[in-house]
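Examination of the molecular architecture
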Amino acid sequence: MAKYTTENIHTVALVGHGGAGKTTLAEALLWKTGVIGAMGSIERGTTVCDFDPLEKTYGHSLNSAVCNFPYKGIHVHLIDTPGMPDFAGQSIAALAGVDLAVIVINAQTGIELNTTRMMRAAAKRGLDRMILINKIDAENVDLEGLLARIQEVFGKECLPINLPAHGRKDVVDCFFQPDGDADFSSVKAAHSALVDQVVEVDEDLMALYLEQGEELSPEQLHAPFEKALREGHLVPVCFASARTGAGVAEFLDILARLAPNASESNPPPFLRSADTEGEEFHAEPDPKKHVLAHVFKIIMDPYVGKVAVFRVHQGTIQKDTQLYIGEGKKAFKAGHLFQLQGKEYVEVDSLVPGDIGAVTKVEEIDFNSVLHDSHDEDHIRLRSLEFPTPMHAIAVETKKKGDEQRLFDVLHKLEVEDPCLWIERHPTTHETVMRGLGDLHMRTKLEKLQAQYKMDIATKPPKIPYRETVTKRSEGHCRHKKQTGGAGQFGEVFLKIEPLPRGTGFQFASEVKGGVIPTVFIPAVEKGVKQALDHGVVAGYPIEDLKVVVYDGKSHDVDSKEIAFVTAGRKAVIDAILKASPIMLEPIVNIEITAPDRFVGDLTSDISGKRGQVTGTESTGGDLMSIKGMVPLSEVTGYQSRLRSVTGGQGAYTMEFSHYAPVPPQVQQELASQFKLQQEED
């Protein structure tokens, strides 16, 4: 493999909604640059980036995939990402590995749910952005109208850098050599708009351009062009058809000549602190400095083992480099370094800033780990990405007794690969629960669980994660006295309790004076309180957002033991909670439904009928509408089948956790009755 310097390395992620043609575009780029001898196809399951057996079955990407190619002295690391909303975790995670996000839009369907999500996520991350309108060869497409819609939704800074020509069989350049005729608009006008936008970020160049009326060359515009990209002042729009090849060569030229290298993009948001907010740390893309790399993807390869995929931000990693993981004190040796070409691992001798590489079989590395070669960088971390909260859940259990531990081990392997897959073990119901972003997300994970890991499992809906809380101040008391076989237990606790704002959590404090409860037993009181809060009082759900203060009590010189104060603390807080008008809370989710506009009335009525509230509707292009609302999670569990029924299979939705809210009195009464019945049976 040819050696490249940081200045010649470009990192790009293809993001956008499912069906936009990102994987086919990646295939076209690999073929055009000679990396592969012929283009594979989604239908035949022969593409470089969709190599997972389930991807071939479903006919679309389920995971992000990394590939690379050379072009005119430039080396491009490309990440192809899934576009279905259920797999947003893979797409968002890829943003931490690149300098440029290319938002791919389907010319037929226009702006869709994940188009908007990824455009915003890339902007929030400070990435340079481009838009590529794919499938321009499709029938009955309105490219001029789509461009206008893009500018309406995302801003006037979205300007065409080329335009379709010759009946959408080709594209014509509007930046480097703005000559020729386009299918719509004017090449000259598009060129002038680009130049006007670029020179606005460079006062000296603007003066030269306006006062002297000089034509500016692409070379003169390169630095301000990169600055305009960094500041979001310009989002170039290009056109292509990955299927026919129209615009692919032109897109390659744009990547080679205008995509940023590591020194031209916004610096990655490193922090020197273990806190949420810390001192900013500026990583320099200098191959001679200390190594700093960030892991943005984990692969559990059935043949290779654990694979950590990372972006090098600073320094040079060579074969056998000793690397530390985060604040770890023990280094590991990078005995083998790889670059990825889809499912293939290509061994390399070194990686420099800008490179995307991988190491294998280092179990201590996790997603979001920072790798470095000096203890000077022990406390450096990358600011976390914002992922949607997994709200779709299923409880899983083995059909074969004795397989429980193996099931949990396998679920952990799935979890480490996907930042939006959560595995939980419920302490009171003893359910093992998988949480993800949608029905399809869950279904593919279960299929992988059964096919790849040969697990015979059963599934069921999990319990809704209700919570309990209190609405007023109260006090509680317990005098615990017990005699067992001549040994005594004694502990007496007085405490007071008050509600806290939602989301505050649990606080514990001691105001005991005079040693009436020896200091050594205060932690035991807190332990007992926590036990009660974990197991619930009203309906067996965790209790949140309250402050408990122990202020008095009694002890015995001989009979007071830790267990006595654990028991007294537990019973005292239960006594206080029952006096504090406890209420049940239920999770409320933000729901966004995308469907043809003719179904808006039915869908808004459906949300209202589920105790929900519609918060807004807007057009997303064509005849599609986005309906946003808030609704109790319990009302939309398994909503996919309901949405399919209402829209005839033409609707899609996403959910994100919003907040907890009180349940209706009749629901609380029902939950409390079920809990009481269960306690009586136990």
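Residues numbered from 1 in each chain as written. Predicted model: local features only at pLDDT ≥ 70, side-chain atom pairs only at ≥ 80, totals over all residues. Heavy atoms only, no water.

1. What about the nonpolar core?
Filter applied, for reference: For this analysis, a nonpolar core means a set of buried residues of the types Ala, Val, Leu, Ile, Met, Phe, Trp, Tyr and Cys, connected via side-chain atoms within 4.5 Å. Three exposure classes are used, based on accessible area relative to the maximum for each residue type with a 1.4 Å probe and protein chains only: buried under 20%, partly exposed in between, and exposed over 50%. Strands here are runs of E lasting at least two residues and helices are runs of H or I lasting at least four, both read from the DSSP assignment and numbered beginning at the N terminus. For this analysis, residues touch if any pair of their heavy atoms sits within 4.5 Å.
Within the largest apolar cluster, 111 residues are counted, with the highest numbers of intra-cluster contacts made by V102, I131, I133, I150, F239 and V309. With 7 residues, helix 9 (residues 248-258) is the single largest residue contributor to this core. Setting aside its immediate chain neighbours within four residues, I150 contacts I105, I111, I131, I133, G155 and C158. Formed by 36 residues, the second largest nonpolar core is a distinct cluster that contains I394, L414, M455 and I457.

2. What about the sheet that holds strand 2 (residues 65-71)?
This is how the line gets drawn: Pairing between two strands requires that DSSP report at least two bridges joining them. For helices, the axis comes from a line fit to the C-alpha atoms of the stretch in contact; other axes are also lines fit to C-alpha atoms, and the angle between any two N-to-C directions lies between 0 and 180 degrees.
The mixed open sheet is built from 7 strands, whose spatial order is 2-3-1-4-5-9-6. For this open sheet the edge positions go to strand 2 and strand 6 (158-160), each flanked by a neighbour on one side alone. Ignoring strand direction, the axes of neighbouring strands in this sheet form an average angle of 30°. Judged from the 5 bridges that link them, strand 1 (residues 9-16) and strand 4 (residues 100-106) form a sheet pairing that is parallel. Across the sheet, V12 pairs through a bridge with L100, a residue of strand 4.

3. Considerations on the sheet that holds strand 24 (residues 422-425)
Taken in spatial order, the 4 strands of this open sheet run 24-25-23-26, and their pairing is antiparallel. Strand pairing shows two members of the sheet lacking a second neighbour, strand 24 and strand 26 (457-460), which therefore form its edges. Strand after strand, the sheet turns through a mean of 30° between neighbouring axes, direction not considered. Pairing of strand 24 with strand 25 (residues 432-436), which is carried by 4 bridges, proceeds in the antiparallel orientation. The partner of E424 across the bridge, within strand 25, is V433. Against the sheet, helix 11 (residues 439-451) contacts strand 23 (392-398), strand 25 and strand 26, and its axis sits at roughly 130° relative to strand 25.

4. Here's the deal with the packing of aromatic side chains
To keep it simple, the criterion reads: Only the six-membered ring of Trp is used, alongside the rings of Phe and Tyr, when aromatic pairs are assigned; centres must lie within 6.5 Å, and planes under 30 degrees apart are stacked while those over 60 apart are edge-to-face, with the rest tilted. Ring-over charges, as used throughout, are those where CZ of Arg or NZ of Lys falls within 6 Å of the ring centre and within 35 degrees of the ring normal.
Under the criterion given, the structure shown has 10 aromatic pairs. Centroid distance F175 to F225: 5.2 Å. Interplanar angle 55°. Geometry classified as tilted. Of this pair, F175 sits in the loop between strand 8 (170-173) and helix 6 (187-199) while F225 sits in helix 8 (residues 218-230), and the two are 50 residues apart along the sequence. You'll find F175 and F225 in the same group, each marked buried. Between the aromatic rings of F367 and F387, the centroid separation amounts to 6.0 Å while the plane-to-plane angle is 65°, which identifies the pairing as edge-to-face. Here the residue F367 occupies a position in the loop between strand 20 (356-360) and strand 21 (370-372), and F387 occupies one in the loop between strand 22 (380-382) and strand 23, the gap between them amounting to 20 residues. Pairwise contacts between aromatic rings join F175, F176 and F225 into one cluster. Over the ring of F176 we find R257, and its NZ or CZ is 3.7 Å from the ring centre.

5. Considering the layout of surface pockets
The line we're drawing: The way it works is a 1 Å grid over only the protein atoms, where trapped points that fit a 1.4 Å probe form a cavity and open points with protein on both sides within 12 Å along at least five of seven lines form a pocket, and then any residue with an atom within 4 Å of a point lines it. Grid points are joined across faces, edges and corners, and a volume is the space filled by probe spheres set on the points. Residue classes follow a fixed rule: Ala, Val, Leu, Ile, Met, Phe, Trp, Tyr, Cys and Pro count as nonpolar, while Asp, Glu, Lys and Arg count as charged, and any other residue, Gly among them, counts as polar.
When its volume is computed, the largest pocket comes out at roughly 1,200 Å³. Only helix 4 (113-124), helix 5 (143-154), strand 10 (270-272), strand 11 (279-281), strand 32 (583-596), strand 33 (613-621), strand 34 (624-632) and strand 35 (652-662) provide two or more residues apiece to the lining of the largest pocket. Sort the elements by how many residues they give to the lining of the largest pocket and helix 4 lands first, with 6 residues. Considering only residue class, the lining of the largest pocket consists of 19 nonpolar, 13 polar and 13 charged.

6. Remarks on the packing of helix 10 (residues 404-417) against helix 11
The criterion, for reference: Comment on the angle field: the value is read as roughly parallel under 35 degrees, roughly antiparallel over 145, roughly perpendicular from 65 to 115, and oblique elsewhere. Take the far helix as your reference; a near helix turned counterclockwise from it by less than a right angle gives a left-handed crossing, and one turned clockwise gives a right-handed crossing.
Helix 11 packs onto helix 10 with a crossing angle of 130° between their chain directions and a minimal axis gap of 11 Å. When the axes of helix 10 and helix 11 are compared, the pair comes out oblique. Taken as a pair, helix 10 and helix 11 cross one another with a handedness that is right-handed. Contact residues: helix 10 offers L407, V410, L411, L414 and E417, while helix 11 offers K445, K448 and L449. Taken together, the residues of the contact of helix 10 with helix 11 break down into 5 nonpolar, no polar and 3 charged.

7. Side note on the state of the cysteines
The criterion, for reference: Only a pair of cysteine sulfur atoms within 2.5 Å qualifies as a disulfide here.
Going through the model one piece at a time under the given rule, you end up with 0 disulfides. Cysteine C174 is unpaired, with the sulfur of C238 as its nearest cysteine sulfur at 11 Å.

8. Concerning helix 1 (residues 22-32)
Burial within helix 1 is extensive, with 8 of its 11 residues counted as buried. Among all positions of helix 1, only K22, T23, L25, A26, E27, A28, L29 and L30 are buried. The first or second residue beyond helix 1 is G34, which carries a positive phi of 80°.

9. Side note on unusual backbone geometry
Trans is the prevailing form of peptide bonds, just as negative phi is the prevailing case for residues other than glycine. Located in the positive-phi region is N140, a residue other than glycine, with phi close to 55°. Along the chain, N140 falls in the loop between strand 5 (128-134) and helix 5. Positive phi values are uncommon outside glycine, yet R168 reaches one of about 70°. Take R168: it is sitting in the loop between strand 7 (162-165) and strand 8.

10. Looking at the pairing of strand 8
In the sheet, strand 7 pairs with strand 8 via 4 bridges, with the strands oriented antiparallel. The residue bridging A165 from the neighbouring strand is D170, located in strand 8. With antiparallel pairing between neighbouring strands as the criterion, strand 7 and strand 8 make up a hairpin whose turn holds 4 residues, including H166 at a positive phi of roughly 50°.

11. Here's the deal with the packing of helix 14 (residues 600-609) against helix 15 (residues 639-647)
In contact at an axis separation of 10 Å, helix 14 and helix 15 are set at 145° when each is read in the N-to-C sense. Two packed elements cross with a definite hand, and for helix 14 against helix 15 that hand is right-handed. Across from D602, L603 and D606 in helix 14, the residues of helix 15 making contact are Y639, R642, L643, V646 and T647. Partitioned by chemical class, the residues of the contact of helix 14 with helix 15 number 4 nonpolar, 1 polar and 3 charged.

12. Re empty space enclosed by the protein
Overall, the coordinates contain 5 cavities of 30 Å³ or more when judged by the stated rule. Of the voids in this model, the largest cavity is the one considered here, and its volume is about 130 Å³. V98, L127, N266, P268 and P269 are, among the 14 residues lining the largest cavity, the residues nearest its centre. Of the residues assigned to the lining of the largest cavity, the class counts are 8 nonpolar, 3 polar and 3 charged. One number sums up the size of the second largest cavity: a volume of about 70 Å³. As for the second largest cavity, its lining consists of S64, G89, Q90, A93, A94, F296, K297, I298, F367, V416, E417 and P419. Broken down by element, the residue count for the lining of the second largest cavity peaks at 4 residues, all from helix 3 (residues 88-94). Taken together, the residues that form the lining of the second largest cavity break down as 7 nonpolar, 3 polar and 2 charged.

13. With respect to the side chain of T33
Here is the rule: We define a polar contact as two N or O atoms separated by no more than 3.5 Å, with the added condition that, inside protein, one atom must be a possible hydrogen donor and the other a possible acceptor, whereas residues neighbouring each other in sequence contribute only through side-chain atom pairs.
Within the secondary structure, T33 sits in the loop between helix 1 and helix 2 (53-58). On the accessibility criterion, T33 (17% relative accessible area) is buried. A polar contact is formed between the side chain of T33 and the backbone oxygen of L29, at a distance of 2.8 Å. Look past the residues within four positions of T33 in its chain and what remains in contact with it is F69, P70, Y71 and L252.

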